[in-house]
Amino acid sequence: MKLNYSLFIIHCSFIILLGAQTPSAPWSLDQCVRYAVEHNLMVQQGALNVQLQENSLNTARNSVWPAISGSASQSFSFGRGISEDNTYVSSNTANTSFGIGGSMDLFTGLRVKSNIEMGKLNLAAATADLEKAKYDIRIAVTQAFVQILYAMEVCDVAQQQIAVDSQQLVRLMALEEVGKASATEVSAQRSALAQSRLTATQANNDLRLALLDLSQLLELPSPEGFSIARPDYNITDGSALPTADEVYADALRTMPSIKAEQLRMDCAKQNITLAQSGYYPTLSLSGGIVTDYYALLGLTGRGFGEQLKNNFSPYVGLSLNVPIFDRLLTRNNIRNAKLQYSGEQLQLESVKKSLYKEVQQAYYGAVAARDKYASSQVAEESAREAFDLVSAKYEVGKASITEFNEAKSNYMQSTANLARAKYEFMYQMKVLESYRGK
């Protein structure tokens, strides 16, 4: 019974181990992008900054409310002190007081309003920065995803080449046995097969490295078991490409980097108004109520509760502060705010120019990728026809093994080039779509 129970435990453990080692389902591009956006550290830092700006805005909004606080104090005096009948006697005294008071700004030269407006703009800018971080990780993931797709295509081509070389080696070995092929031809084909296997090994290594790059972008603990699904992507007609100016016009409206800089410029403009509030007077209201208990130590006086009840003293007051001369602090603050606003204007123009350069590069990259894809299609078709022709000649002994291998290599290389051109065009189109907010 114990032996059967042990075997049962081992069997269950083996099943669990196999289940743990089962590779996960292939990831689509959308899954990779969503996962990266949720787990990327830069995106998380951007989300924290948004929360900080939300708290700052909340603080600015709450500054319009009065501030209320309570107080309590206890003091002792030794020596001459004032008695209850306002005469000085030589005695130790104790004083206990309680109070509650508050203050409220009635007018602060529009400082509170400016702080609230700046808080809104800073929050919107932080949100745009968060969107930019998401955009950047989407582009990086898409690029890494396309690189894996190309590496997978190269691996497929390498395996096809191995299959062709293996078939030819078997054929030549059979012909050698009947005296219709030489040992030199067999040796040359073995060398070609070995080279094809080396190419496949390098292609597999490149694929593993590409998978590693993407898994690191996704913040995965390990690339083991990670794979991607090949999308069903159809190359559209090249004439459907938008112009660079159309893409740039859309990018100005949709790119988060532009939105963030525009909001920072607006915030800098609002900061001028905040600095100008230093010229205005401020008016505040305060009020409260206090009470205390006073006693000569060692003497019997009115009770604690009675004194607290009878000594209630409410108060209310207004405080007006008129700036007369602040050593030119407000003037310099206004000048600095205007300089910061000019700097933000220049920064916005710089970002727009950088964006225009990026859009132009993406557009002409897409045009070049489209043309390269069209040329690669023609080249691949021609190489395939040449390979079929040489193969037919080789089968009837009218072409040498060298001619066959050369035609085969050209065909395989053209197939790999077509795959690269296809995915380059696919990536460039994705970049253009992202600039247009899609």
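Scroll up a little and you will see the structure.
Note that this is a predicted model, so its numbers are computed, not measured.

**As for the pairing of strand β5 (residues 282-296)**
With 14 bridges joining them, strand β4 (residues 93-107) and β5 adopt antiparallel strand pairing. Its bridge partner being in β5, S97 is matched across the sheet by D292. Where β5 and strand β6 (residues 313-321) come together, nine bridges link them in antiparallel fashion. Residue pairing in the sheet places S284 in a bridge with S319 of β6.

**A look at the packing of aromatic side chains**
Scanning all chains against the criterion turns up 11 aromatic pairs. For the ring pair W27 and Y35, a centre distance of 5.1 Å and an interplane angle of 75° mean the geometry is edge-to-face. Residue classification places Y35 among the partly exposed residues on the basis of a relative accessible area of 23%. Relative to Y356, the ring of Y248 has its centre 4.9 Å away and its plane inclined at 75°; by these criteria the two rings are edge-to-face.

**Quick look at the side chain of S277**
Along the chain, S277 turns up in the loop between α7 (256-276) and β5. Sequence-distant contacts of S277, that is, excluding residues within four places in its chain, are made with T108, G109 and R111.

**Details of the pattern of salt bridges**
Opposite charge on two side chains lets them pair, provided their charged atoms get close. Using the criterion set out here, one finds 15 salt bridges in the structure. The residue R264 makes a salt bridge to D129 at a minimum N-O spacing of 2.1 Å. A residue pair is termed long-range when its members are at least 10 positions apart, and R264 in helix α7 and D129 in helix α4 (residues 111-177) qualify at 135 residues. A residue is classified by how much of its surface remains accessible, and R264, at 27% relative accessible area, is partly exposed. Among the salt bridges present, the one from D250 reaches R253, with a minimum N-O distance of 2.3 Å. Within this pair, D250 and its partner R253 are both found in helix α6 (residues 244-254), separated by three residues, close to a single helical turn. By relative accessible area, D250 is classed as buried at 12%. Overlapping salt bridges bring together D129, E261 and R264 as one network.

**Details of the packing of α4 against α7**
Axis angle and axis distance: for two packed helices, these are the angle between their axes and the distance between the axes, and together they describe the pair. Here α4 crosses α7 at 165°, and the two axes come no closer than 8 Å. If you check the angle between α4 and α7, you find them roughly antiparallel. Here α4 and α7 pass one another in a crossing that is left-handed. In terms of residue class, the contact of α4 with α7 is made up of 11 nonpolar, seven polar and eight charged.

**Section: a nonpolar patch on the surface**
Taken together, the side chains of M104, L106, F107, L110, Y279, Y280, L285, V316 and L318 present a nonpolar region at the surface, about 870 Å² in accessible area. Secondary-structure elements contributing two or more residues to the nonpolar patch are β4 and β6. With respect to the secondary-structure elements, V316 resides in strand β6.

**Here we look at the environment of E153**
Tracing the backbone shows E153 in helix α4. In this structure E153 touches R230, A419 and Y423, once residues within four positions along its chain are discounted.

**A word on the nonpolar core**
Within the largest apolar cluster, 63 residues are counted, with the highest numbers of intra-cluster contacts made by L214, L218, F226 and Y435. Those elements that provide at least two residues to this core are α2 (29-39), α3 (41-62), α4, α5 (183-217), α6, α9 (329-395) and α10 (401-435). It is α4 that provides the largest number of residues to this core, a total of 20 residues. If sequence neighbours within four positions are ignored, L218 has contacts with W27, C32, Y35, A36, H39, V141 and F226. Membership of the second largest hydrophobic core comes to 20 residues, among which are A200, V390, F404 and Y411.

About the thresholds
Residues numbered from 1 in each chain as written. Predicted model: local features only at pLDDT ≥ 70, side-chain atom pairs only at ≥ 80, totals over all residues. Heavy atoms only, no water. Pairing = 2+ DSSP bridges. Helix = DSSP H or I, 4+ residues; strand = E, 2+ residues; numbered from the N terminus. Phe/Tyr/Trp six-rings, centres within 6.5 Å; stacked < 30°, edge-to-face > 60°. Buried < 20%, exposed > 50% of the residue type's maximum accessible area, 1.4 Å probe, protein only. Contact = heavy atoms within 4.5 Å. Salt bridge = Lys/Arg side-chain N within 4 Å of Asp/Glu carboxyl O. Axes fitted to C-alpha atoms, helices over the stretch in contact; angles between N-to-C directions. Parallel < 35°, antiparallel > 145°, perpendicular 65-115°, else oblique. Left-handed = near helix turned anticlockwise from the far one by under 90°. Nonpolar A, V, L, I, M, F, W, Y, C, P; charged D, E, K, R; others polar. Patch = residues over 30% accessible without salt bridge, like charges linked within 9 Å, V, L, I, M, F, W, Y side chains within 5 Å. Areas by Shrake-Rupley, 256 points an atom, 1.4 Å probe, with all protein chains shown as cover. Core = buried A, V, L, I, M, F, W, Y, C linked by side-chain atoms within 4.5 Å.

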